[in-house]
Amino acid sequence: MGWPYRKLVRPLLFKRDAERAHNFALKFLGRASQDAFICNAIGQFFSAPELPVELFGLNFPNPVGLAAGMDKHAAAVPTWEKLGFGFSELGGVTWHAQPGNPAPRMFRAVADEAIVNRMGFNNSGAEAVAQKLTEWKNSGRWPEHPVGINLGKSKITPLEDAAGDYANSFRVLRDLADLFVVNVSSPNTPNLRQLQDKAALNEILAAIQELNGNQKPILVKVAPDLSFEALDEILELVAPRNIAGIVATNTTISRPQTNDSVAQQIYNETGGLSGRPLRQRSTEIIRHLHKQTKGRVPIIGVGGIFDADDAWEKIVAGASLLQIYTSLVYEGPGVTRQIVSGLIERMKIAGAHNLKEVVGTAN
Ligand SMILES: Cc1cc2nc3c(=O)[nH]c(=O)nc-3n(C[C@H](O)[C@H](O)[C@H](O)COP(=O)(O)O)c2cc1C
């Protein structure tokens, strides 16, 4: 679908404001999710070949997952596997339902294949998402691939009460997903990233693990703007708080140089930047985390993955699983299959039988 999407579908979608186009696509996928016939038809076109990964005690049919933020309301849970994803991360979900920041709040920098967003965790709240997930479970349409949930802090909750806020969300969602990601790295909730500070993060993880009893894998998502020293401090919590893995990375507040005046205008917007310009920094963070932990802490690599080369770069830097968001917007729904197929080719060339054999081999 690469060519038809870029030449036919994308121009129509890109005529709309970025958030409207997103809502339109999600509405379509949400409707498709209700209908077994359409869902299976989507699967016929877009399903990806098998490249199994076993991690966190879970079986991933392939390593390419849907990144957080695409399906904040769990609207299209059954379709993500039909679009070839090896897992999905729903949310960000907060304890209190909240509208997010005023629109416009999502912008495309087309020349660089990037997005700037300041959505601000617009979501229906943990209890409503729990209800939606229960509906999907009861409908018999729950996907076979692992499903994760991204947890954020409600805007109205003061930073000092953050642990209770995250724990409340976790309590109502615990039995409805396979893994959880503690998101303390979004640039769009005031001061949220201060929760990456070791003491604050420790408190959040302690509150969650108390409810969890170490049952579900709990991961932490980090910002690409953290120094290596700050990342190392987070790593000190891995053993005491039983962190199952790190998701690296969220969007960046930094901006690339550009000569494109339209892109420059977009970069002047406040928010987090994703897509191609994030690729290199996100890979650097993955490489650092892998080296520091000697490969003992699984990493989900995310940031600017558009093709199999980008995906391979992240894997050999130390990522065991991957996620995409922005390339889905620019390349369309065929991108997952393309990446997985390309990875299988590269594995053959490397003489590897299991993805684990190549993780971190460039370090
Ligand atoms: C519009 C938008 C909303 C996002 N919302 C979330 C979110 O709620 N929680 C989160 O952890 N990351 C969120 N992200 C970040 C993505 O999950 C991902 O980390 C980032 O976009 C980098 O990957 P990419 O370059 O493939 O897009 C969002 C990204 C975008 C573009």
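You'll find the structure just up there.
The rules behind the values
Residues numbered from 1 in each chain as written. Predicted model: local features only at pLDDT ≥ 70, side-chain atom pairs only at ≥ 80, totals over all residues. Heavy atoms only, no water. Near = heavy atom within 4 Å. Polar contact = N/O pair within 3.5 Å; in protein donor to acceptor, adjacent residues only side chain to side chain. Areas by Shrake-Rupley, 256 points an atom, 1.4 Å probe, with all protein chains shown as cover. Nonpolar A, V, L, I, M, F, W, Y, C, P; charged D, E, K, R; others polar. Core = buried A, V, L, I, M, F, W, Y, C linked by side-chain atoms within 4.5 Å. Buried < 20%, exposed > 50% of the residue type's maximum accessible area, 1.4 Å probe, protein only. Pairing = 2+ DSSP bridges. Helix = DSSP H or I, 4+ residues; strand = E, 2+ residues; numbered from the N terminus. Axes fitted to C-alpha atoms, helices over the stretch in contact; angles between N-to-C directions. Salt bridge = Lys/Arg side-chain N within 4 Å of Asp/Glu carboxyl O. Lys, Arg positive; Asp, Glu negative; His and termini not counted. Contact = heavy atoms within 4.5 Å. Parallel < 35°, antiparallel > 145°, perpendicular 65-115°, else oblique. Left-handed = near helix turned anticlockwise from the far one by under 90°. Expected span 1.5 Å × (residues − 1). Phe/Tyr/Trp six-rings, centres within 6.5 Å; stacked < 30°, edge-to-face > 60°. Patch = residues over 30% accessible without salt bridge, like charges linked within 9 Å, V, L, I, M, F, W, Y side chains within 5 Å.

**Student:** What exactly am I supposed to notice about the site of the ligand here?
**Tutor:** Taken together, 24 residues lie around the ligand, and A68, N150, K221, G304 and T326 are the ones closest in. Note that an oxygen atom of the ligand is positioned 3.0 Å from one of the side-chain N or O atoms of N183. Protein burial of the ligand: of its 610 Å² of free accessible surface, 98% is covered by the chains. Taken together, the residues of the shell around the ligand break down into 9 nonpolar, 13 polar and 2 charged.

**Student:** Could you clarify how one ought to interpret the nonpolar core in this entry?
**Tutor:** In globular proteins that are soluble, nonpolar side chains generally tend to be buried together. Membership of the largest hydrophobic core comes to 107 residues, with the highest contact counts inside it found for W80, Y166 and L173. Ranked by size, the runner-up nonpolar core spans 8 residues in total, among them V116, A263, Y267 and L273.

**Student:** It is not clear to me how the sheet that holds strand 9 (residues 218-222) should be interpreted in this structure. Could you clarify?
**Tutor:** Pairing between the strands of a sheet is mediated by backbone hydrogen bonds and can be parallel or antiparallel. Spatially, the 8 strands close up into a barrel ordered 3-4-7-8-9-10-12-13, and their pairing is parallel. Neighbour-to-neighbour, the strand axes of this sheet turn through a mean angle of 25°, independent of strand direction. Strand direction decides the pairing type here: strand 12 (residues 299-302) and strand 13 (residues 321-324), joined by 3 bridges, are parallel. Looking at the pairing, G301 lines up with L322 of strand 13.

**Student:** Just to check I follow, could you spell out the pattern of salt bridges for this structure?
**Tutor:** This structure, assessed with the given rule, holds 12 salt bridges. Of the charged contacts, one joins E113 and R276 as a salt bridge, the two residues approaching to 2.5 Å between their closest N and O atoms. Taken together, the positions of E113 in the loop between strand 5 (106-109) and strand 6 (114-117) and R276 in the loop between strand 11 (272-275) and helix 10 (279-292) put the pair 163 residues apart, joining distant regions of the chain. Its relative accessible area of 35% is what places R276 among the partly exposed residues.

**Student:** So what exactly am I meant to see when it comes to the side chain of R108 here?
**Tutor:** Here R108 lies in strand 5. Despite its burial, R108 pairs with no opposite charge, the nearest such side chain being D17 at 6.9 Å. Here the side chain of R108 touches L13 through a polar contact of 3.4 Å, landing on its backbone oxygen.

**Student:** Mind showing me how you'd approach the environment of N150 here?
**Tutor:** Looking at the element boundaries, N150 is found in strand 7 (residues 147-151). Counting along the chain gives 32 residues from N150 to V182, while the straight-line C-alpha distance between them is 6.2 Å. With sequence-adjacent residues up to four places away left out, N150 is seen in contact with A68, E89, L90, G91, G92, V93, V181, N183 and K221.

**Student:** How do you make sense of the packing of helix 8 (residues 228-235) against helix 10 when you look at a structure like this?
**Tutor:** The description of two packed helices rests on the angle between their axes and on the distance between the axes. Running from N to C, helix 8 and helix 10 point in directions that differ by 45°, and their axes come no closer than 11 Å. Judged by the inter-axis angle, helix 8 sits oblique to helix 10. The element helix 8 and its partner helix 10 pack so that their crossing is right-handed. Within the contact between the two elements, helix 8 uses F228, L231, D232 and L235 and helix 10 uses R281, E284, I285, H288, L289 and Q292. When its residues are assigned to classes, the contact of helix 8 with helix 10 shows 5 nonpolar, 2 polar and 3 charged.

**Student:** Would you take a moment to explain helix 10 for this structure?
**Tutor:** Helical periodicity: at 3.6 residues per turn, an α-helix aligns residues three or four positions apart in one direction. When the terminal C-alpha atoms of helix 10 are compared, their 20 Å separation across 14 residues agrees well with the 20 Å that a helix rising 1.5 Å per residue should span. Where helix 10 is concerned, the buried positions are S282, T283, I285, I286, H288, L289 and H290. Contacts made by the buried residues of helix 10 are with strand 9, helix 8, strand 10 (245-248), strand 12 and helix 11 (308-317). Backbone geometry just downstream of helix 10 places K294 in the positive-phi region, at approximately 50°.

**Student:** Would you mind showing me how to read the packing of aromatic side chains here?
**Tutor:** The geometry of two aromatic rings is summed up by the distance between their centres and the angle between their planes. This model, assessed by the stated rule, comprises 7 aromatic pairs. On the numbers, 6.4 Å between centres and 75° between planes, the contact of F56 with F60 is edge-to-face. The pair formed by F56 and F60 is uniform in burial state, with each residue classed as buried. Plain terms: the ring middles of F170 and F180 are 4.9 Å apart, the flat faces sit at 80° to each other, and that makes the pair edge-to-face. You can see F170 sitting in helix 6 (residues 162-173) and its partner F180 sitting in strand 8 (residues 179-183), a full 10 residues away along the chain.

**Student:** Help me understand the packing of helix 11 against helix 13 (residues 335-350), please; the structure alone is not making it clear to me.
**Tutor:** Two elements in contact, helix 11 and helix 13, have axes separated by 8 Å at closest approach and are oriented at 60°. When the interaxial angle is binned, helix 11 and helix 13 end up oblique. By crossing handedness, the relation of helix 11 to helix 13 is classed as right-handed. For the pair helix 11 and helix 13, contact is made by A308, D309, A311, W312 and I315 and by I339, G342, L343, R346, M347 and A350, respectively.

**Student:** What is the right way to read a nonpolar patch on the surface from this model?
**Tutor:** On the surface, W3, L8 and V9 cluster together into a nonpolar patch covering about 320 Å² of accessible area. Relative to the helices and strands, W3 is located in helix 1 (residues 2-13).

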